[in-house]
Amino acid sequence: MSAVTLPKQITVPEFRAAKGRGAKLAVVTAYDYTSARLTDEAGVDAILVGDSVGMVVQGHPTSLPVTLDEMIYHTRCVIRGTKRALVVADLPFLTYQVSTKQAVRNAGRLLKEAGAHAVKLEGGVRMRNAIRACVEAGIPVMGHIGLTPQAVHQLGGFKVQRDAEQLLADAAAVQDAGAFSMVVESVPSDLGAQITASVSVPTIGIGAGAACDGQVLVFHDMMGLFPDFKPKFAKRYADLGGAVRGAVEAYCREVRAGTFPAAEHTFK
Ligand code: KIV
């Protein structure tokens, strides 16, 4: 009998090494078993269990209300649906900013209780101690600079970030603190290219141009499932929102007309 060959899980060092090979990294968010399974089977390099769950799943206007327990729940669902992709889980607002001890304890919960392979946290220079403390505890960290949505009120909205000096300092701080990669969100493309050239770890862009080492999109944005907010960078690869609405309208019509269930859906 031949052995079943399972797909090999992508590791943090392999993800990081993609930059040296010039390979572009494809990352998508997911928050549940089904979308994780579909995106994993489609071949993404990493799945981000983003705190964008607060907006696209929970219906909040920002990601601020998301709790660590909710992130643990969603990460567990995603882990069950993933065989190959690296799974990175977001630390939500106020679960790592208070102290380095808080950061390590909560990042550790995402690995220990939820099974994440790495965590992501927002902030550059101001978060370097938190990143370093997690890395020293053996927790791989993906940084996040540029538009950091947890600071939406401080930034005055979901705006393109253009302070090149600050952004380059943030990228260097995240790299020097030991992060294996960093998300770069909503910066002009020439600045995205400059940041990418300035660090040795992969930059994963979202609204940061094509020169980044990889790209990340929010699942609901790319599938056309989230009607409330359509950022310029969010390319729609499908109109699942339209497909779902059409399917449910057809179902309602058939139920009301008495044509569903038909003979083939009925037990004799
Ligand atoms: O929460 C999230 O989904 C993110 C991505 C937009 C990078 O942080």
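Caption draft 1: Structural view of the nonpolar core. Counting 54 residues, the largest nonpolar core has Leu91, Leu110 and Met182 as its most contacted members. Element by element, the count of residues in this core is highest for helix 4 (residues 68-80), at 4 residues. Ranked by size, the runner-up nonpolar core spans 17 residues in total, among them Leu86, Met142, Phe180 and Ile204.

Caption draft 2: Structural context of the site of the ligand. Lining the immediate environment of the ligand, one finds Thr29, Leu48, Gly50, Asp51, Ser52, Asp90, Lys120, His144, Val183, Ile206, Val216 and Val218. In the environment of the ligand, an oxygen atom lies 3.0 Å from a nitrogen or oxygen atom belonging to the side chain of Asp51. In the model, an oxygen atom of the ligand is placed 2.5 Å from a nitrogen or oxygen of the Ser52 side chain. Here the ligand, which alone exposes 260 Å², has 95% of that area covered by the protein. Classifying every residue of the shell around the ligand gives 5 nonpolar, 4 polar and 3 charged.

Rules behind the numbers
- Each chain carries its own residue numbering, running from 1 in the written order of its sequence.
- Given that the model is predicted, a residue must reach a pLDDT of at least 70 before its local features are reported, and side-chain atom pairs must reach 80 or more before they are shown or counted; all residues, however, enter totals for whole chains, interfaces and linings.
- Values reported for side chains reflect all heavy atoms of the structure, with hydrogen atoms and water molecules removed beforehand.
- For this analysis, a nonpolar core means a set of buried residues of the types Ala, Val, Leu, Ile, Met, Phe, Trp, Tyr and Cys, connected via side-chain atoms within 4.5 Å.
- Three labels apply to residues, based on accessible area from a 1.4 Å probe with only protein chains included: buried if under 20% of the type maximum, exposed if over 50%, partly exposed otherwise in between.
- Helix and strand definitions follow DSSP, with helices as H or I runs of at least four residues and strands as E runs of at least two, each counted in order from the N terminus.
- Proximity criterion: a residue is near a molecule or strand once any of its heavy atoms comes within 4 Å of it.
- Polar contact criterion, stated in full: a pair of N or O atoms within 3.5 Å, where within protein one must be able to donate a hydrogen and the other to accept it, and residues adjacent in sequence count only if both atoms are side-chain atoms.
- Using a 1.4 Å probe, the Shrake-Rupley method yields the accessible areas, and only the shown protein chains count as cover for residues.
- Residues were grouped as follows: Ala, Val, Leu, Ile, Met, Phe, Trp, Tyr, Cys and Pro as nonpolar; Asp, Glu, Lys and Arg as charged; and all remaining residues, including Gly, as polar.

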